[in-house]
Amino acid sequence: MAIKVINPGLATTIQDLGRPGYYHLGIPIGGAMDRFALHCANLLVGNDEGAACLECVFMGPELEFTQDATVAVTGADLPPKVDGEVMEPWTSFKVKAGQVLSFDFLKAGARAYIAISGGIDVPVQLGSRSTYAIGALGGYEGRAIAAGDTLPLGTGAGAAEGRTVPAAMRRTQSGAVELRMIPGLYWHRITKEAGTHFFEDTWKVAPECDRMGYRFRGGRPLDFVPREQPFGAGSDPSNIVDACYPYGSIQVPGGTEPIVLHRDAVSGGGYFMLGTIISADMDLIGQMQPHTDTKFVAVDMDQALQARQERHDALQKVREVLA
Amino acid sequence: MNTRYSFGGDEHVFVEVDEEMSLEAFFKSLSITNAVRDADIKGVTEICPANASFQIKFDPDVISPDHMMAELKSLEAAAEQAEARIDTRIVEVPVYYQDPWTHETLMRFRERHQDPDATDIEYAARINGYDTVDDFIKAHSGAPWFVSMVGFVSGLPFLYQMVERQRQIEVPKYLRPRTDTPKLTVGIGGCFGCIYSVRGAGGYQMFGITPMPIFDPKQETSYLRDFMVFFKPGDIVKWKPIGREEYDQAVADVEANRFTPLTHDVTFDLEEFERDIDGYNAKLMEGLYGN
């Protein structure tokens with residue numbers, strides 16, 4: 001009972017909700033970059049919300065089914081096709097044994113999630129099926145899927161076809177983005193003026209954007225408050241004694257190009273960070289394409305917690321609609 | 001030391017125990033993180049000690065950020081009183097210095113280096129005041145190193161040399177990071193040593209390679225069957241210089257599952273260590289190698 005990979009797409013990986021608890025050993029939480037989309041895809045096909053799905057970036061795979069299954073595609077606007085016939089996104093549909101699931105070109109967003117009834121049943125490693133390619137851990141043999149792979153499926157009858165997340169509840173990204181962040185960590189390392197510039201300037205997502213992190217370009221370089229570097233920190237003013245990196249933290253090596261760490265973050269290193277993207281906006285980053293115009297917006301803890309609650313409420317509404 | 005608290009977004013508290021590196025700062029960080037683990041605070045999902053800082057990840061739906069912060073501050077006060085003493089182990093890690101693989105790699109990235117006409121180890125020897133590379137290797141492998149953090153990527157140890165600050169080896173990182181580093185490269189950046197657990201990008205100066213795997217996601221290596229990561233903070237490492245023949249033998253032994261790292265359980269006491277560093281290190285070696 002399985003799926004055959006005819007064409008893997010660009011960097012399609014198996015992801016679930018990740019493996020917390022090992023960050024202190026340099027093994028990141030991983031899991032879907034857009035958690036909301038993964039939850040929705042699983043709900044649509046009748047899986048546990050944390051079942052393993054395929055996360056595909058910019059381009060979809062081509063998959064041949066060897067059994068009947070219920071499928072749903074959420075996240076980026078990447079239209080699914082069954083034997084060439086276009087299917088509704090954010091809506092469950094049936095794929096019969098022998099049929100081929102493929103995708104049209106990406107219209108918006110960056111990452112689509114393909115849930116299949118039963119979930120993808122690769123072995124659980126450190127509590128998760130998520131692929132952490134840097135550590136060759138989890139997923140399908142620790143790597144992105146490749147042509148010729150056979151992906152095992154779990155058991156599960158699958159929900160009916162035609163279940164749908166109403167358009168108003170879907171979240172697909174297009175156009176300019178505002179990322180909310182709480183300034184902190186080593187914010188004091190940059191000058192007041194540099195801090196003002198950081199929020200004034202429009203940054204663009206660089207081509208170097210992946211599961212580890214998103215790099216941004218185009219803003220003015222940041223000036224540092226002069227100091228004698230502490231012992232062990234390294235000579236560059238952007239260096240600190242190697243420390244932990246929060247998920248979503250914004251480091252700016254050399255003061256030039258901010259990098260926001262994401263689900264496959266490096267767990268620590270020697271660059272100062274000027275704050276952290278709030279948890280509510282992490283999913284959104286996973287849907288940003290290169291060259292997207294971005295502004296960073298400072299918020300306080302209360303606003304961050306309120307935004308987090310709104311994300312919970314949005315998911316709860318989807319659960320109620322699909323219950 | 002001046003402990004500084006900051007929120008990392010709505011899910012992390014980041015605590016800088018000290019701006020600069022020292023074993024005192026490391027021990028304080030380790031002692032607070034141990035206290036956090038023992039306190040078993042509901043909502044805490046990750047406890048990450050680092051060199052001179054640490055980080056707690058928590059679920060703000062379970063514990064409010066302000067409450068989380070208050071808990072940590074109260075634990076800091078208690079940790080301040082704790083003895084800087086841990087039960088740990090000393091591990092011998094064989095190193096083939098100036099091996100052909102890191103040499104091939106460093107030659108490919110000469111334009112990113114401070115001194116393109118020298119190798120990494122020649123450069124490190126010179127700027128640290130050693131006449132020859134052999135002298136540098138003696139210094140590097142003479143005193144033990146303390147694992148003060150595990151991270152960056154899968155199971156990579158950061159190591160801190162257990163000598164007085166004025167004797168500590170320091171080298172800048174590459175001007176621009178390399179895009180490639182052989183797996184199991186032994187190197188230094190700033191004052192920290194490291195072993196690259198997997199192949200990948202890196203900015204540390206490269207001195208050699210160890211035949212001893214330290215991360216095995218397949219868990220086939222005999223001593224990594226129980227857990228895929230070898231090092232944990234507080235481990236003590238003794239580098240052992242080896243030549244090509246010994247290296248090849250060790251690689252073959254690893255593959256045949258005959259290789260077992262030489263380790264010895266020890267209690268490390270920071271105050272005793274600082275009273276007589278060389279004498280304390282000599283005692284550690286006696287424990288590892290017998291009398």
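Residues numbered from 1 in each chain as written. Chains lettered and ligands numbered in written order. Predicted model: local features only at pLDDT ≥ 70, side-chain atom pairs only at ≥ 80, totals over all residues.

1. Comments concerning the nonpolar core
All names here are of chain A.
Then comes step 1: Counting residues in hydrophobic clusters, the biggest one holds 174 residues, and the most contacted among them are Ala41, Cys53, Val71, Tyr113, Ile114 and Ala115.
Then comes step 2: It is helix H1 (residues 35–45) that provides the largest number of residues to this core, a total of 8 residues.
Then comes step 3: Not counting chain neighbours up to four residues away, the residues in contact with Ile114 comprise Ala41, Cys53, Leu54, Cys56, Val71 and Val73. (Core = buried A, V, L, I, M, F, W, Y, C linked by C-beta atoms within 7 Å. Buried ≥ 20, exposed ≤ 12 C-beta atoms within 10 Å, placed from the backbone. Helix = DSSP H or I, 4+ residues; strand = E, 2+ residues; numbered from the N terminus. Contact = placed C-beta atoms within 7 Å.)

2. Notes on the domain arrangement of chain B
Residues and elements named next belong to chain B.
Then comes step 1: By domain assignment, chain B separates into domain 1 (4–82) and domain 2 (87–289).
Then comes step 2: Inter-centroid distance (C-alpha atoms) of domain 1 to domain 2 is 28 Å.
Then comes step 3: Contacts between the two partners involve 8 residues from domain 1, matched on the other side by 9 residues from domain 2. (Domains from an automatic or database assignment.)

3. Comments concerning the sheet that holds strand E4 (residues 53–58) of chain B
Residue and element names in this part refer to chain B.
Then comes step 1: With antiparallel pairing, 4 strands are arranged side by side in an open sheet as E1-E2-E4-E3. With partners counted over all chains shown, the strands left at the sheet margins are strand E1 (4–8) and strand E3 (44–49), one partner each. In this sheet, neighbouring strand axes are inclined to one another by 15 degrees on average, regardless of whether the strands run parallel or antiparallel.
Then comes step 2: With 5 bridges connecting them, E3 and E4 associate as antiparallel partners. Looking at the pairing, Cys48 lines up with Gln55 of E4.
Then comes step 3: Seen against the sheet, helix H1 (residues 23–39) touches E3 and E4 and runs at an angle of roughly 160 degrees to E3. (Pairing = 2+ DSSP bridges. Axes fitted to C-alpha atoms, helices over the stretch in contact; angles between N-to-C directions.)

4. A look at unusual backbone geometry
Then comes step 1: Backbone geometry at Leu185(A) places phi at a positive 60 degrees, although glycine is not the residue there.
Then comes step 2: With respect to the element layout, Leu185(A) can be found in the loop between strand E12 (177–183) and helix H2 (192–200).
Then comes step 3: Positive phi values are uncommon outside glycine, yet Leu184(B) reaches one of about 70 degrees.
Then comes step 4: Relative to the helices and strands, Leu184(B) is located in the loop between strand E7 (157–161) and strand E8 (185–189).
Then comes step 5: What makes Leu184(B) buried here is the crowd of 25 C-beta atoms within 10 Å.

5. With respect to the interface of chain A and chain B
Then comes step 1: Residue-level contacts link 42 residues of chain A with 44 residues of chain B.
Then comes step 2: Residue assignment for the side of chain A that touches chain B shows that the elements contributing at least two residues are strand E15 (239–244), strand E18 (268–271), strand E19 (273–277) and helix H4 (301–322) of chain A.
Then comes step 3: Of the residues contributing to the side of chain A that touches chain B, the split by class is 22 nonpolar, 18 polar and 2 charged. (Nonpolar A, V, L, I, M, F, W, Y, C, P; charged D, E, K, R; others polar.)

6. Here's the deal with the packing of H1(A) against H4(A)
Residue and element names in this part refer to chain A.
Then comes step 1: Here H1 crosses H4 at 10 degrees, and the two axes come no closer than 10 Å. Between H1 and H4, the angle is such that the two are roughly parallel. Within the contact between the two elements, H1 uses Phe36, His39, Cys40, Leu43 and Leu44 and H4 uses Arg311, Leu315, Val318, Arg319 and Leu322.
Then comes step 2: Looking at side-chain class alone, the contact of H1 with H4 contains 7 nonpolar, 1 polar and 2 charged residues. (Parallel < 35°, antiparallel > 145°, perpendicular 65-115°, else oblique.)

7. Quick look at the domain arrangement of chain A
All names here are of chain A.
Then comes step 1: One can read the domain layout of chain A as domain 1 (2–168) and domain 2 (177–312).
Then comes step 2: When each unit is reduced to the centre of its C-alpha atoms, the spacing between domain 1 and domain 2 is 29 Å.
Then comes step 3: At the junction of the two partners, domain 1 supplies 18 residues and domain 2 supplies 13 residues.
Then comes step 4: Of all the secondary structure elements, the ones that give two or more residues to the side of domain 1 that touches domain 2 are H1, strand E5 (69–77) and strand E10 (108–116).
Then comes step 5: Take the side of domain 1 that touches domain 2: its biggest share by element is 3 residues, from E10.
Then comes step 6: Among the residues making up the side of domain 1 that touches domain 2, the classes are represented as 9 nonpolar, 6 polar and 3 charged.

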